[in-house]
Protein chains: 2
Amino acid sequence: MAVNLDATDWAILSELQRDGRIPLSELGRRVSLSASATTERVRRLESTGVITGYSAAVDLAAVGYAVLAIVRLKYPGSHHEPLHRLLGRRPEILECLRTTGDDCYVMKVAASSMAHLEEIVNDLAEFGSANTNLVYSQTLPYRGPNPRR
Amino acid sequence: MAVNLDATDWAILSELQRDGRIPLSELGRRVSLSASATTERVRRLESTGVITGYSAAVDLAAVGYAVLAIVRLKYPGSHHEPLHRLLGRRPEILECLRTTGDDCYVMKVAASSMAHLEEIVNDLAEFGSANTNLVYSQTLPYRGPNPRR
DNA sequence: CCAAAATACCGGCGGATTCCCGGCGATCGG
DNA sequence: CCGATCGCCGGGAATCCGCCGGTATTTTGG
């Protein structure tokens with residue numbers, strides 16, 4: 001599953017994580033490679049599954065989601081389909097991880113207001129006990145993996 | 001801070017979150033707009049701060065980070081600089097949110113092995129009591145905001 | 001050690017895309 | 001009614017992408 005990456009590959013990943021829309025020619029310039037060699041590298045990274053896609057980052061507050069919360073859900077039993085259906089129905093649930101420990105699921109939830117958040121948490125509480133923490137600020141917004149020096 | 005978005009804007013955001021590298025002409029085709037009108041819309045979304053950037057998504061396991069964990073840190077006191085310095089020194093810490101509740105910080109941490117994870121958590125435990133949960137799987141990988149129907 | 005093969009890189013060409021215009025039509029305020 | 005503003009469209013120049021053959025370096029196998 002793990003692919004071997006050299007310094008140039010890491011440089012490419014770093015640039016593409018910082019700005020996923022730079023032209024390949026510019027990317028080549030930054031990593032000191034010709035455009036075609038860069039293209040080939042990127043294509044390989046994509047086809048080996050290192051790069052799984054590209055996406056625009058959207059500011060939550062700017063689109064009306066003023067509240068962000070971490071919700072931990074203790075979910076007894078093993079009927080997971082209803083939860084999956086809820087994930088499909090609730091775009092406000094932005095991310096959902098299954099974890100070890102007391103809390104089976106950890107989710108990131110966006111809402112436009114506290115009332116809105118309450119509504120979502122009510123839905124979640126149908127499944128188990130939900131523990132909610134509001135997010136003050138993103139001390140460190142998500143950054144992709146970087147080489148361990 | 002919040003910007004008003006019409007259905008076309010949301011369609012653009014949706015497409016760009018799904019594939020941040022599609023040509024603007026193709027994007028225009030998908031949202032039924034000319035290339036230049038699309039360009040103008042995207043430019044506006046960028047300059048108003050709705051779109052904060054573009055980035056490539058990198059598979060953690062594929063680059064050697066086989067272990068993912070959620071670490072919650074109870075951090076007494078208000079000396080946050082040392083933690084910030086640690087964030088800069090430890091690329092394995094992928095994300096860090098400051099939250100309400102008992103746990104002041106919630107982080108997402110990637111490691112190549114349990115030993116590696118232990119090392120990182122040791123660093124964190126210098127600051128307060130760290131509570132770690134391993135991630136089995138990403139039930140729902142991060143998806144950006146979508147309109148609340 | 002040498003030769004053959006494989007790999008990674010470069011440069012150039014045609015087609016597509018982006019960027020920058022001016023122009024058109026609708027909406028708004030006076 | 002009229003001028004101004006806004007969003008959209010279409011066109012042309014510059015740029016970029018995808019594909020090609022050719023060259024240098026590394027790897028493989030005898």
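Attention here is on the structure that accompanies the text. (Residues numbered from 1 in each chain as written. Chains lettered and ligands numbered in written order. Predicted model: local features only at pLDDT ≥ 70, side-chain atom pairs only at ≥ 80, totals over all residues. Heavy atoms only, no water.)

Structural notes on the interface of chain B and chain A
How big an interface is tends to be stated in terms of accessible area lost as the parts join.
Part 1 of the argument: Facing 71 residues of chain B, the contacting portion of chain A comprises 71 residues.
Part 2 of the argument: Buried surface at the junction of chain B and chain A, summed over both partners, amounts to about 6,300 Å²; 55% is from carbon and sulfur atoms.
Part 3 of the argument: When the buried area of chain B at its contact with chain A is split by residue, B:Arg21, B:Arg143 and B:Arg148 rank highest and sum to 11% of it.
Part 4 of the argument: Viewed at the interface, chain A and chain B are joined by six salt bridges.
Part 5 of the argument: Across the salt bridge formed by B:Arg148 and A:Glu92, the nearest N and O atoms sit 3.9 Å from each other.
Part 6 of the argument: In this assembly, chain B and chain A are joined by 43 residue pairs in polar contact (both at pLDDT 80 or more).
Part 7 of the argument: Elements supplying a minimum of two residues to the side of chain B that touches chain A: helix H1 (7–18), strand S1 (51–58), strand S2 (67–74), helix H4 (81–89), strand S3 (93–99), strand S4 (105–111), helix H5 (114–125) and strand S5 (129–140) of chain B. (Contact = heavy atoms within 4.5 Å. Buried area = accessible area lost by both parts, 1.4 Å probe. Salt bridge = Lys/Arg side-chain N within 4 Å of Asp/Glu carboxyl O. Polar contact = N/O pair within 3.5 Å; in protein donor to acceptor, adjacent residues only side chain to side chain. Helix = DSSP H or I, 4+ residues; strand = E, 2+ residues; numbered from the N terminus.)

Some thoughts on the pairing of strand S3 (residues 93–99) of chain A
Part 1 of the argument: Here S3(A) lies mainly inside the structure; six of its seven residues are buried.
Part 2 of the argument: As paired strands, S3(A) and strand S4 (residues 105–111) of chain A are joined by five bridges and run antiparallel to one another. Paired with A:Glu95 across the two strands is A:Lys108, which belongs to S4(A).
Part 3 of the argument: Two successive antiparallel strands, S3(A) and S4(A), enclose a turn made up of five residues, where A:Gly101 displays a positive phi of approximately 90°.
Part 4 of the argument: Both S3(A) and S5(B) contribute to a ladder of three bridges, which runs antiparallel. Among the inter-strand pairings, A:Arg98 is bridged to a residue of S5(B), identified as B:Ser137. (Buried < 20%, exposed > 50% of the residue type's maximum accessible area, 1.4 Å probe, protein only. Pairing = 2+ DSSP bridges.)

Let's talk about the protein's contact with DNA strand C
Part 1 of the argument: Inspection of the region around DNA strand C gives A:Leu33, A:Ser34, A:Ser36, A:Ala37, A:Arg41, B:Pro23, B:Leu24 and B:Ser25 as its neighbouring residues.
Part 2 of the argument: Here DNA strand C approaches the protein such that, of its atoms within 4 Å, sugar and phosphate make up 73%.
Part 3 of the argument: Here B:Leu24 contributes a backbone N or O atom positioned 2.4 Å from a phosphate oxygen of DNA strand C.
Part 4 of the argument: In the model, a phosphate oxygen of DNA strand C is placed 2.8 Å from a nitrogen or oxygen of the B:Ser25 main chain.
Part 5 of the argument: Examining the composition of the surface near DNA strand C, we find that three residues originate from one element, helix H3 (residues 35–47) of chain A, more than from any other.
Part 6 of the argument: Residue composition of the surface near DNA strand C, grouped by class: four nonpolar, three polar and one charged. (Near = heavy atom within 4 Å. Nonpolar A, V, L, I, M, F, W, Y, C, P; charged D, E, K, R; others polar.)

Read these as layout, nothing more, since geometry by itself doesn't imply function.
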